[in-house]
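These are the residues of each chain, in order.
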Amino acid sequence: MATTADFRNGMCIEYNDQLYYIVKFLHVKPGKGPAFVRTTLKNVKTGKVIDNTFNSGVKINEARVEHRQYQFTYKDTQGYHLMNSETYEEIVMEESQIPNADLMKEGESIEVVVHAETETVLTAELPPFMSFEITYTEPGVRGDTSSTTSLKPATIETGATIMVPLFVNQGDKIKVDTRDRSYVERVK
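Residues numbered from 1 in each chain as written. Predicted model: local features only at pLDDT ≥ 70, side-chain atom pairs only at ≥ 80, totals over all residues. Heavy atoms only, no water.

Concerning the nonpolar core
Which entries qualify depends on this criterion: What is meant by a nonpolar core is a set of buried Ala, Val, Leu, Ile, Met, Phe, Trp, Tyr and Cys residues, joined one to another through side-chain atoms within 4.5 Å. Only protein chains enter the accessibility calculation, which uses a 1.4 Å probe; a residue is then buried when its area is under 20% of its type maximum, exposed when over 50%, and partly exposed in between. The criterion used for residue contact is that any of the two residues' heavy atoms lie within 4.5 Å.
One finds L82, I98, V112, I156, V164 and I174 to be the most contacted residues of the largest nonpolar core, which totals 28 residues. Aside from chain neighbours lying at most four places away, what touches I156 is L103, F132, E133, I134, T135, I162 and I174.

Shown next, in the form of structure tokens:
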């Protein structure tokens, strides 16, 4: 059992019979009335973000989760097949459990979050930045080499579509932020 004094960013708690990560929190001591903690919580399974206020000193169940390294091997009708890098155990995850699953490349190492007590696979996290080759996009505009305000769609090697600046061409390698699917830079 933990209390609101033990809160920290990234902590996993049980709240309303579901698991949540604490994205951010703020201890508030108003001039009048009792202290409280304002939090932003992210549901581990659905990814839904909620705001919640806890009274100061309230006891909360802290959930033990483990982050394990898995390698994406292939996808079929059952789902995404992942292999544990240490034990070579294979698991199958649904697309809904992996945010931005269409960005995964075969052989890519990803982090799988597992509930420690029940050994239940909760979700998977891609590396924050990945490099991809552009397989199709409209030709670049001559002379437009520095503007990142105008964007065009580009298909990458996994089949996903990313918005890129006008100067990016087919065959270029780009770096993508997998958390929000945004273009970061060209890779040499």
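A look at unusual backbone geometry
Selection criterion: Numbering of helices and strands runs from the N terminus, with a helix taken as a DSSP run of H or I at least four residues long and a strand as a DSSP run of E at least two residues long.
The phi angle at N16 is positive, at roughly 55°, despite the residue not being glycine. Following the sequence through the fold, N16 ends up in the loop between strand 2 (12-15) and strand 3 (18-28). Its identity as a non-glycine residue notwithstanding, D17 has a phi of 60°, on the positive side. Tracing the sequence through the fold places D17 in the loop between strand 2 and strand 3. Judged by relative accessible area, which is 84%, D17 ranks as exposed.

As for the sheet that holds strand 2
The following threshold applies: Pairing between strands is defined by DSSP: at least two bridges between them are needed.
Ordered by their spatial adjacency, six strands build an open sheet running 1-6-2-3-4-5, and the pairing between neighbours is antiparallel. At either end of the open sheet lies a strand with only one pairing partner, and these are strand 1 (2-3) and strand 5 (49-55). Here strand 3 runs beside strand 4 (residues 36-43); their pairing, made up of eight bridges, is antiparallel. Opposite I22, over in strand 4, you have L41 as the bridge partner.

Considerations on the pairing of strand 6 (residues 59-62)
Here strand 1 runs beside strand 6; their pairing, made up of two bridges, is antiparallel. Residue pairing across strands places A2 opposite I60, the latter belonging to strand 6. Of the pairings in the sheet, the one linking strand 2 to strand 6 comprises two bridges and is antiparallel in character. Within strand 6, the residue paired with E14 across the bridge is N61.

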